[in-house]
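# Structural description and commentary
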Amino acid sequence: KGKGPRLSTSATEGEHPTPARIGVTLPQFTGDGDAFTAAARRAEASGLDSVWVFDHLWPLTGGKQRPVLEGWTALAWLAAVTDRIGIGTLVTRSTMRHPAVLAKMAATVASVARGRVTVGIGSGDSRSRAENDAFGLPYLGGAERVAQLEDTVAVLRQHGRGAVSYRGPYVSVRGLPAGPRVARAPALWVAGRSPAAIRVAGRLADGWNSWGSTPEVFAEGVERLADAAGDRIVEPTWGGIVVLAGTDAEARALATARRSAEDFVVGGPETVAERLCELVEAGARHLVLT
């Protein structure tokens, strides 16, 4: 209802039974590669639409010394062990790799998983600072962070179309060859709830992702996206943590026993389904569940 961006058209549009696609993040904070790939195969066999990896060098919970699978090499692994399901990053941090390197990585994975790759990309936030500082990676704040993200997205967008020559405030690339060439370049989603990030998504990306927002907050973001996108086709997408149990009470107990569940989707099957439907009604066309 109301104003919203034009919905994207995919190769499978018309065949999909619901207004939104559904994907899951994988058990990446582990040293067990077999469990990781088995989860991807299970998601594919279950009929889900996509599987996703985070982009971190240490785990988000449970102590920094826990093992973690690096996102992009893990994504290449997924490309080889799956056949149909979409694969992607939610999200690649723009400060983790030079955009020229990232563009080649994405194209390489896309040459294996043809037509199935989405590069979800974001600038990171203050919670990323400790990780960046620990490993000597640049950390930017405020307007600088968004400008660097925009430079990175611009390089990725150009490389999906051909050779790249680009100069921006934070990135300079001269004569980066296209290739490996693929019939369908990786899709680009820009993540972030700030108005600045939404503007970048509207102007340059194929999709926008909002993490953990309520249906009301998500709908406000969709409105901003529509204004920024104009006549461009941009896909609104949502990602977040879902705590699912047999009943609402069991799910609430499980959620509160772990950490603050303010932005979680929590409940039994009917409650979770209802909440996800509210996000679809607010404009979400792809739901990525952790």
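Residues numbered from 1 in each chain as written. Predicted model: local features only at pLDDT ≥ 70, side-chain atom pairs only at ≥ 80, totals over all residues. Heavy atoms only, no water.

## Overview of the sheet that holds strand β4 (residues 117–122)
Pairing within the closed barrel is parallel, and its eight strands lie in the order β1-β2-β3-β4-β7-β8-β9-β12. Across the sheet, the mean angle from the axis of one strand to that of its neighbour is 25°, orientation sign disregarded. Both strand β1 (residues 21–25) and strand β12 (residues 286–289) contribute to a ladder of four bridges, which runs parallel. Looking at the pairing, Val-24 lines up with Leu-289 of β12. Those strands touched by helix α3 (residues 99–112) are β3 (86–93) and β4, and its axis lies near 155° from that of β4. Each of β7 (187–191) and β8 (207–211) is contacted by helix α6 (residues 195–204), which is oriented at about 165° to β7, the strand it contacts most. (Pairing = 2+ DSSP bridges. Helix = DSSP H or I, 4+ residues; strand = E, 2+ residues; numbered from the N terminus. Axes fitted to C-alpha atoms, helices over the stretch in contact; angles between N-to-C directions. Contact = heavy atoms within 4.5 Å.)

## Concerning the pairing of β4
Burial of β4 is extensive: six of the six residues sit out of reach of the surface. A crossover links β3 with its parallel partner β4, the connecting element being α3, and its sense is right-handed. (Buried < 20%, exposed > 50% of the residue type's maximum accessible area, 1.4 Å probe, protein only. Right-handed = clockwise from strand over helix to strand, strands pointing away.)

## Let's talk about the packing of aromatic side chains
Pairs of aromatic rings are described using the distance from one ring centre to the other and the angle between the two planes. Under the criterion given, the structure shown has six aromatic pairs. With centroids separated by 5.3 Å and ring planes inclined at 20°, the aromatic side chains of Trp-208 and Phe-218 adopt a geometry described as stacked. Placement of the pair is Trp-208 in strand β8 and Phe-218 in helix α7 (residues 215–229), with a sequence separation of ten residues. Taken together, Phe-29, Phe-54 and Trp-211 form an aromatic cluster joined through their ring pairs. (Phe/Tyr/Trp six-rings, centres within 6.5 Å; stacked < 30°, edge-to-face > 60°.)

## A short note on unusual backbone geometry
The step from Leu-90 to Val-91 runs through a cis peptide bond, and the omega angle for that step is -5°. Relative to the assigned elements, Val-91 resides in strand β3. Omega for the peptide link from Gly-179 to Pro-180 comes to 0°, which places this bond in the cis form. Its place among the elements puts Pro-180 in the loop between β6 (172–176) and β7.

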